[in-house]
Number of protein chains: 2
Amino acid sequence: MYRSHNCGELRISDVGKQVTISGWVQKSRDLGGLTFVDVRDRYGITQLVFNMDERAELCTLARKLGREYVIQATGMVRERSSKNLNRSTGEIEIEVTELNILNESQVPPFTIEDDTDGGDDLRMKYRYIDIRRNPVKDNLIFRSKLAIETRKYLDHQGFIEVETPFLIKSTPEGARDFVVPSRLNSGQFYALPQSPQTFKQLLMVAGIDKYFQIVKCFRDEDLRADRQPEFTQIDCEMSFVHIEDILNTFEGLTRHLFLHTMGVDLGDFPRMTYDDAMRLYGSDKPDLRFGMQFVEINDIAKGHDFSVFDNAELVVGICAKGIAEQYSNKDMKDLTEWIQRPQIGAKGLVYIKYQEDGSIKSTIGKFYSDDVLHSWAERFGAEKGDVILILSGEKDKTRKQLNELRLEMGRRLQLIKPGDFKPLWVIDFPLLEWDEDSERFFAMHHPFTSPKKSDIPNMMSGDHETLKNLKADAYDMVINGAEIGGGSIRIHDRALQAKNFELLGFTKEQAEAQFGFLMGAFEYGAPPHGGLAFGFDRLCAVMNGQSSIRDFIAFPKNNQGRDMMIDAPSPVDEAQLEELSLIIKQPEA
Amino acid sequence: MYRSHNCGELRISDVGKQVTISGWVQKSRDLGGLTFVDVRDRYGITQLVFNMDERAELCTLARKLGREYVIQATGMVRERSSKNLNRSTGEIEIEVTELNILNESQVPPFTIEDDTDGGDDLRMKYRYIDIRRNPVKDNLIFRSKLAIETRKYLDHQGFIEVETPFLIKSTPEGARDFVVPSRLNSGQFYALPQSPQTFKQLLMVAGIDKYFQIVKCFRDEDLRADRQPEFTQIDCEMSFVHIEDILNTFEGLTRHLFLHTMGVDLGDFPRMTYDDAMRLYGSDKPDLRFGMQFVEINDIAKGHDFSVFDNAELVVGICAKGIAEQYSNKDMKDLTEWIQRPQIGAKGLVYIKYQEDGSIKSTIGKFYSDDVLHSWAERFGAEKGDVILILSGEKDKTRKQLNELRLEMGRRLQLIKPGDFKPLWVIDFPLLEWDEDSERFFAMHHPFTSPKKSDIPNMMSGDHETLKNLKADAYDMVINGAEIGGGSIRIHDRALQAKNFELLGFTKEQAEAQFGFLMGAFEYGAPPHGGLAFGFDRLCAVMNGQSSIRDFIAFPKNNQGRDMMIDAPSPVDEAQLEELSLIIKQPEA
């Protein structure tokens with residue numbers, strides 16, 4: 001028996017007990033005749049004490065212990081004279097009578113502390129040491145608990161977890177599939193799923209009624225910060241449902257998760273149409289933890305000979321409360337330069353300071369009288385001391401830029417309370433998105449999303465403008481400005497699905513070759529159905545107020561898709577390539 | 001709202017209620033003025049009734065419904081005049097006042113009945129229809145419940161579920177890796193894990209203490225019957241444990257699963273050494289649902305001038321109870337031919353009939369006196385009416401053949417009670433297995449398995465014979481003759497791991513290139529640890545008394561590794577190969 005107790009459970013009530021614990025040496029201190037060793041495991045830290053006068057040999061051995069040595073110690077629990085009340089085991093220590101070194105350790109490459117001195121690359125390479133640190137370990141424990149609670153809720157709601165296959169079919173449309181050469185079928189490839197979308201729909205056709213799965217998905221994208229080639233989804237689908245049934249079910253799931261892992265009651269989720277989200281926040285994932293809604297002023301801004309506004313499709317602004325005095329001209333210049341950076345790309349920033357003395361100070365004073373600008377202030381609900389920030393230009397671009405500015409002002413003014421969670425549903429997404437460059441429609445959500453019932457006739461026979469305005473039964477769940485999940489009611493009718501593929505530029509033959517199995521299934525009694533998927537890694541991060549998903553993944557890959565610890569990917573044997581009938585094309589000289 | 005109730009929940013107490021249900025048309029019958037339609041969903045079947053006299057239009061519509069049409073019906077629940085007590089909803093029916101056809105269906109390619117007329121290929125191609133059948137649907141529900149109970153038990157025991165990566169490193173040693181070309185790292189490949197073995201060991205080094213995962217694994221083998229290229233494991237690992245801790249924990253898990261999904265109490269599991277299992281059953285996965293243990297008779301069989309036995313390394317038999325009268329000479333001849341089939345390959349079968357009248361009838365009467373044969377009967381514990389079946393030859397081969405014969409006799413004599421479960425642990429496996437053909441050692445379990453502590457000195461310096469006899473801290477769980485899971489205490493010492501790689505024929509460089517990250521981790525405080533993995537698909541099948549895992553997998557592949565439904569694997573675009581820097585080698589003409 002390696003231990004009678006773990007390192008986190010001994011209390012004052014255990015004093016006098018003979019115990020054995022095992023764990024890692026966190027640190028040790030020699031204080032004259034006494035040596036103290038903190039021993040650590042997943043559950044906590046317990047102090048060992050060795051007495052040179054009473055047990056010289058044992059104490060000498062204890063003094064040789066290095067950091068991260070794995071040891072086993074037996075002894076009597078006793079009350080500490082100097083208690084550490086920040087630690088659950090801080091009232092006791094173990095007077096050691098037997099000590100075994102179970103394994104030695106080299107000096108670890110970084111400190112095993114909450115704030116480590118290890119850089120990112122080092123932490124990734126020695127991830128098995130990094131996970132010993134509380135912040136990373138706690139994230140993994142949180143993730144496990146979140147998965148347990150997810151399953152508990154969905155099981156209770158009658159969902160069945162069904163494992164869908166990982167070796168599926170590659171679809172050129174989806175792009176960015178990881179492919180897997182088949183040895184038994186020479187020259188052919190499987191693909192790893194970007195999502196179990198078609199399989200979960202087939203499970204609805206199969207009568208499974210309520211499906212879920214916590215499942216790995218794969219996407220071979222050029223990795224931006226905080227993307228991983230493999231990621232985890234809570235994937236769900238339900239039959240015989242309208243949009244309300246789905247929103248209620250998964251709002252319930254999310255509330256359950258927050259309540260049972262963090263004790264946070266989220267209350268009812270507000271709902272906002274995509275159009276409103278774009279109009280009021282310039283984003284389909286608005287952060288509602290602070291206000292500063294957009295105010296459009298085309299009607300009062302145009303016609304005053306200010307050509308910048310007169311020529312703009314949209315003039316729109318936000319009101320930043322109480323910064324008129326605080327923000328100097330230089331601050332405003334900095335902000336203007338910030339918004340003009342290429343990443344954001346605004347041409348300029350117009351501001352109107354409604355000063356404490358009631359006067360107006362503005363960059364556009366020569367075009368607009370103070371009276372006019374006072375009326376603007378009224379429109380924005382601005383009070384003395386506020387500053388109105390205005391952008392103008394092409395509608396979509398301007399909204400996007402103002403969204404960035406709003407978020408930046410939220411950060412600069414520290415409007416976000418730590419521990420605050422503001423969820424909402426964004427609904428009524430467009431069905432199709434027109435891409436000017438390739439002159440074709442893309443699916444805003446995915447090709448299986450149903451238009452709103454009232455839009456079906458428009459979809460079957462509408463002109464280009466009508467098609468652009470089709471609305472889908474699609475929805476996203478957003479928390480604190482992050483998209484946590486999204487889904488839709490699906491098409492379950494073969495003709496409608498075929499029409500959608502046609503609008504998306506598939507030939508009949510392409511649609512049949514790639515998704516014939518699904519359209520075929522629609523001919524054998526497909527029920528109305530819909531669902532959604534949550535980004536599980538993202539959910540973990542957002543719930544913990546963190547922006548990066550990487551530390552919620554036990555063994556993440558870096559931005560080049562490499563696992564630094566095991567050094568993958570790597571070359572394979574010629575023999576293996578031979579078996580797969582593959583040749584690697586050498587780069588041209 | 002598509003439904004107020006599902007098709008399995010209405011009871012006599014609901015009579016008089018206005019309800020709406022949705023589902024699939026199972027069948028319909030016209031009886032004069034009445035039309036009855038059975039509508040089915042995951043939860044059950046409910047009878048609808050339409051009355052031609054009262055609602056002619058509705059009844060006419062109902063008569064047009066085809067099998068598997070998806071419908072929605074609203075009406076009043078009423079008591080049936082002719083009740084069907086085999087069905088939970090059999091006391092009521094719904095008198096329909098509103099009927100919507102939600103989707104039509106072509107005539108399904110096979111019947112949606114417990115015993116279908118669909119062949120295997122058809123069922124695989126239309127798996128989404130096959131899953132509507134109760135036996136397949138119930139299997140998937142069982143599997144989901146088994147996963148829930150697995151997680152419940154392990155969570156309660158303090159295990160954390162940690163997701164390990166799917167895109168890992170290919171190891172030539174492991175062979176049969178599926179590989180995944182990396183686009184971002186040209187000419188390099190990931191591999192899909194055959195198991196998360198090294199990662200779970202790293203999690204122990206990381207201090208996770210108790211890890212589990214229900215996880216897909218991949219093996220690109222030539223597919224024998226009932227193998228799948230992707231399969232699911234319950235994968236577990238624990239730190240600071242001896243073999244007893246692991247056996248107790250997972251015996252506990254297995255008992256929990258049987259109790260909470262089937263109401264079966266398995267009791268304590270017997271333990272049997274590998275040597276005993278081979279000696280008494282000729283198999284490392286003995287089926288204990290019936291007796292017929294092997295009896296070795298070298299000492300009494302040799303020295304009677306019967307050269308077949310005299311020249312045999314092993315003479316061994318089993319006693320088949322009470323078949324002396326029943327089994328004619330022809331039956332014995334059939335049995336002899338069965339055992340001589342090339343799949344089994346015994347040279348011949350010696351039998352001794354201990355007849356009801358006390359006389360002995362045998363194929364070897366001219367070598368052995370009746371007295372001698374009576375003494376054999378005593379050794380076998382044979383009574384009047386029994387038949388002793390004896391094989392002889394090289395030890396390992398003979399045991400294997402007699403194992404086949406024992407299992408065949410168990411089947412022929414119907415010794416296996418349906419619903420009987422006989423679990424056991426097989427322990428003390430050999431560490432290494434000598435392969436005569438390649439003249440090298442293979443790891444009996446895997447290269448990370450620890451020898452028994454007492455065998456470490458023998459391993460570090462033993463000669464060939466000593467090495468062959470090394471015992472490992474390895475164990476298998478066997479139920480009803482099927483291996484459900486297996487595992488071992490792992491090596492956690494770099495030098496011992498290096499020695500094991502050396503014995504397995506790795507050069508130092510190969511060991512470093514492939515498993516350097518693991519041996520490196522052993523230098524930073526690796527705790528003693530061990531674990532096991534259960535075959536989840538197999539466990540599902542064995543618990544349900546079935547021999548094939550395929551119907552416990554929602555979307556299985558066929559014996560050529562193909563998904564018949566989606567038609568994968570398949571060729572990929574030239575452009576995609578180009579991006580991956582791959583060329584497909586055409587077969588030579």
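Quantities reported herein were computed from a predicted structural model and do not represent experimental measurements.

Undergrad: Hey, could you run me through the overall build of chain A in this one?
TA: What chain A contains, in helices and strands, is 18 helices and 23 strands. In terms of principal-axis extent, the alpha carbons of chain A reach across some 95 × 75 × 60 Å. Here chain A holds 589 residues, and the buried ones make up 58% of them. Looking at chain A alone, contacts between residues at least 24 apart form 66% of all its contacts between residues at least 6 apart. For chain A, the accessible surface area stands at approximately 24,200 Å², while carbon and sulfur atoms represent 46% of it. Considering chain A, the positive charge centre built from 73 side chains and the negative charge centre built from 93 side chains are found 3 Å apart.

Undergrad: Can you help me understand the sheet that holds strand S10 (residues 230-239) of chain B in this one?
TA: Two pairing modes exist for strands in a sheet, parallel and antiparallel, and in both the strands are linked by backbone hydrogen bonds. Residues and elements named next belong to chain B. Taken together, eight strands build an open sheet; the order of strands is S6-S9-S10-S22-S21-S20-S17-S11 and the sheet is mixed. This sheet does not close on itself; its edge strands, each paired only once, are strand S6 (160-161) and strand S11 (271-273). Examined bridge by bridge, S11 and strand S17 (residues 423-427) share three bridges and lie parallel to one another. Bridging from a neighbouring strand, Arg271 pairs with Trp425 of S17.

Undergrad: Sorry, what's going on with the side chain of Asp14(A) here?
TA: Residues and elements named next belong to chain A. Relative to the helices and strands, Asp14 resides in the segment before strand S1 (18-31). Assessed through its relative accessible area of 8%, Asp14 is described here as buried. A distance of 2.6 Å separates a polar atom in the side chain of Asp14 from a polar atom in the side chain of Lys17.

Undergrad: Sorry, what's going on with the sheet that holds strand S2 (residues 34-41) of chain B here?
TA: Residues and elements named next belong to chain B. With mixed pairing, five strands are arranged side by side around a closed barrel as S1-S2-S3-S5-S4. Across the sheet, the mean angle from the axis of one strand to that of its neighbour is 55°, orientation sign disregarded. Note: strand S4 (residues 70-79) against strand S5 (residues 92-103), 10 bridges, orientation antiparallel. When the sheet's bridge partners are listed, Ala73 is paired in S5 with Leu99. The strands touched by helix H1 (residues 56-63) are strand S1 (18-31), S2, strand S3 (44-51) and S5; relative to S5, the strand with the most contacts, the crossing angle is about 65°.

Undergrad: Would you mind showing me how to read the packing of aromatic side chains here?
TA: According to the stated counting rule, one finds 51 aromatic pairs over all chains in the structure shown. Relative to Tyr368(B), the ring of Phe309(B) lies with its centre 6.4 Å away and its plane at 45°, an arrangement referred to as tilted. With Phe309(B) in helix H9 (residues 307-310) and Tyr368(B) in the loop between strand S15 (360-362) and helix H11 (370-380), this pair connects stretches of sequence that are 59 residues apart. Three or more aromatic residues joined by ring pairs make a cluster, and in this case those are Phe306(A), Phe309(A), Phe367(A), Tyr368(A) and Trp376(A). Over the ring of Phe290(B) we find Arg406(B); its NZ or CZ atom is 4.2 Å from the centre of that ring. Directly above the ring of Phe442(B) sits Arg440(B), whose terminal nitrogen or CZ lies 3.9 Å from the centroid.

Undergrad: Where do I start with the interface of chain B and chain A in this structure?
TA: Bring the parts together and some accessible area is lost; that lost area is often taken as the interface size. Taken together, the contact between chain B and chain A spans 119 residues of the former and 119 residues of the latter. At the boundary of chain B with chain A, total buried surface from both sides reaches about 10,800 Å², with 59% on carbon and sulfur atoms. Ranking the residues of chain B by area buried against chain A places Glu163(B), Phe240(B) and Tyr524(B) at the top, with a combined share of 8%. In this assembly, chain B and chain A are joined by 12 salt bridges. In this structure, the salt-bridge partner of Arg3(A) is Asp209(B), at a minimum N-O distance of 2.8 Å. With seven residues, the single largest contributor to the side of chain B that touches chain A is helix H4 (residues 134-156) of chain B. A per-class count over the side of chain B that touches chain A returns 64 nonpolar, 25 polar and 30 charged. In terms of strand pairing, strand S23 (residues 582-584) of chain A meets strand S23 (residues 582-584) of chain B through three bridges, oriented antiparallel. Bridged to Ile584(A) within S23(B) is Leu582(B).

Undergrad: Help me understand unusual backbone geometry, please; the structure alone is not making it clear to me.
TA: A cis amide bond links Ala568(A) to the next residue, Pro569(A), at an omega of 0°. The residue Met292(B) is not glycine, and still its phi comes out positive at about 55°. The residue Met292(B) is located in the loop between helix H7 (274-281) and strand S12 (295-296) in this model. Its identity as a non-glycine residue notwithstanding, Asp305(B) has a phi of 65°, on the positive side. Turning to its location among the elements, Asp305(B) is positioned in the loop between helix H8 (298-301) and H9.

Undergrad: Looking at this structure, how should I read the relation of the copies chain B and chain A?
TA: Copy one and copy two of the chain differ by a rotation about an axis and a translation along that axis. Under the fitted operation, chain B is carried onto chain A by 0.0 Å of movement along the axis and a turn of 180°, and the coordinates agree to an RMSD of 0.1 Å. Such a combination of turn and shift is consistent with a two-fold rotation axis. Interface overlap between copies: 100% of the residues of chain B at the interface are likewise at the interface in chain A, consistent with a symmetric, same-surface contact.

Undergrad: What should I look at first to understand the domain arrangement of chain A in this one?
TA: Entries for chain A in the domain assignment read domain 1 (12-103) and domain 2 (290-412). Taking only C-alpha atoms into account, the centre of domain 1 of chain A sits 63 Å from that of domain 2 of chain A.

Undergrad: For this particular structure, what's the right way to read the side chain of Asp386(A)?
TA: All names here are of chain A. Examined against the element boundaries, Asp386 turns out to sit in the loop between helix H11 (370-379) and strand S16 (387-393). Here the side chain of Asp386 touches Glu383 through a polar contact of 2.8 Å, landing on its backbone nitrogen. Residues in contact with Asp386, not counting those within four places in the same chain, are Cys319, Ala320, Lys321, Gly322, Ala324, Ile352, Lys353, Tyr354 and Gly381.

Undergrad: Before we go on, may I ask you to explain the pattern of salt bridges in this structure?
TA: Residues and elements named next belong to chain B. Tallied over the full model, the rule gives 103 salt bridges over all chains. A salt bridge links Arg78 to Glu93; its shortest N-O distance comes to 2.9 Å. Of this pair, Arg78 sits in strand S4 while Glu93 sits in strand S5, and the two are 15 residues apart along the sequence. Its relative accessible area of 26% is what places Arg78 among the partly exposed residues. Here Asp386 makes a salt bridge to Lys321, at a shortest N to O gap of 2.6 Å. Of the two residues, Asp386 is situated in the loop between H11 and strand S16 (387-393) and Lys321 in the loop between strand S13 (314-320) and helix H10 (329-340); the sequence distance between them amounts to 65 residues.

Undergrad: I tried to follow the packing of H4(B) against helix H6 (residues 243-262) of chain B on my own but got confused; where do I start?
TA: In helix packing, the relevant descriptors are the interaxial angle and the interaxial distance, both defined with respect to the helix axes. Residue and element names in this part refer to chain B. Between H4 and H6, the least distance of the axes is 9 Å, while the angle of their chain directions is 135°. The orientation of H4 with respect to H6, classified from their angle, is oblique. As H4 runs across H6, the sense of the crossing is right-handed. In this structure, H4 contributes Phe142, Lys145, Leu146, Glu149, Thr150, Tyr153 and Leu154 to the contact, and H6 contributes Thr249, Phe250, Gly252, Leu253, His256, Leu257, His260, Thr261 and Met262.

Undergrad: I tried to follow empty space enclosed by the protein on my own but got confused; where do I start?
TA: Vacant regions in the atomic arrangement are exposed by a probe of water-molecule size rolled over the atoms. In the structure shown here, the tally under the stated rule is eight cavities of 30 Å³ or more. Roughly 390 Å³ of internal volume is contained in the largest cavity. Every residue lining the largest cavity is counted, 26 residues in all, and those nearest its centre are Arg151(A), Ile214(A), Arg151(B), Glu161(B) and Ile214(B). Split by residue class, the lining of the largest cavity holds 10 nonpolar, six polar and 10 charged. If you add up the space inside the second largest cavity, you get close to 120 Å³.

Undergrad: Sorry, what's going on with H11(B) here?
TA: Residue pairs three or four apart in sequence face the same way in an α-helix, which turns once every 3.6 residues. Residue and element names in this part refer to chain B. Listing the buried residues of H11 in full gives Val372, Leu373, Trp376, Ala377 and Phe380. Each buried residue of H11 sits inside an arc of 150° when the element is viewed along its axis, so together they form one side. Turned more than 90 degrees away from the buried face of H11 sit Asp371 and Glu378, all of them exposed. One or two steps after H11, the chain reaches Gly381, where phi turns positive at roughly 65°.

Undergrad: Where do I start with H7(B) in this structure?
TA: Residues and elements named next belong to chain B. Taken together, the buried positions of H7 are Tyr274, Ala277, Met278, Leu280 and Tyr281. As for H7, its buried residues are in contact with S11, helix H12 (395-412) and S17. Positive backbone phi, approximately 65°, marks Gly282, located one or two places after H7.

Undergrad: Would you explain the state of the cysteines in this entry?
TA: Covalently bonding the sulfur atom of one cysteine to the sulfur atom of another cysteine gives a disulfide. All names here are of chain B. All chains considered together, the criterion is met by zero disulfides over all chains. Note on Cys540: no disulfide assigned, nearest cysteine sulfur contributed by Cys217 at a separation of 15 Å. Residue classification places Cys540 among the buried positions, given a relative accessible area of 0%.

Rules and cut-offs
- Residues numbered from 1 in each chain as written.
- Chains lettered and ligands numbered in written order.
- Predicted model: local features only at pLDDT ≥ 70, side-chain atom pairs only at ≥ 80, totals over all residues.
- Heavy atoms only, no water.
- Helix = DSSP H or I, 4+ residues; strand = E, 2+ residues; numbered from the N terminus.
- Buried < 20%, exposed > 50% of the residue type's maximum accessible area, 1.4 Å probe, protein only.
- Contact = heavy atoms within 4.5 Å.
- Areas by Shrake-Rupley, 256 points an atom, 1.4 Å probe, with all protein chains shown as cover.
- Lys, Arg positive; Asp, Glu negative; His and termini not counted.
- Charge placed at Lys NZ, Arg CZ, Asp CG, Glu CD.
- Pairing = 2+ DSSP bridges.
- Polar contact = N/O pair within 3.5 Å; in protein donor to acceptor, adjacent residues only side chain to side chain.
- Axes fitted to C-alpha atoms, helices over the stretch in contact; angles between N-to-C directions.
- Phe/Tyr/Trp six-rings, centres within 6.5 Å; stacked < 30°, edge-to-face > 60°.
- Lys NZ or Arg CZ within 6 Å of the ring centre and 35° of its normal.
- Buried area = accessible area lost by both parts, 1.4 Å probe.
- Salt bridge = Lys/Arg side-chain N within 4 Å of Asp/Glu carboxyl O.
- Nonpolar A, V, L, I, M, F, W, Y, C, P; charged D, E, K, R; others polar.
- Least-squares fit on C-alpha atoms with pLDDT ≥ 70 in both.
- Domains from an automatic or database assignment.
- Parallel < 35°, antiparallel > 145°, perpendicular 65-115°, else oblique.
- Left-handed = near helix turned anticlockwise from the far one by under 90°.
- 1 Å grid on protein atoms, 1.4 Å probe; cavity = no way out; pocket = protein on both sides within 12 Å on 5 of 7 lines; lining within 4 Å.
- Points joined across faces, edges and corners; volume = space filled by probe spheres on them.
- Arc of directions from axis to C-beta.
- Disulfide = S-S within 2.5 Å.

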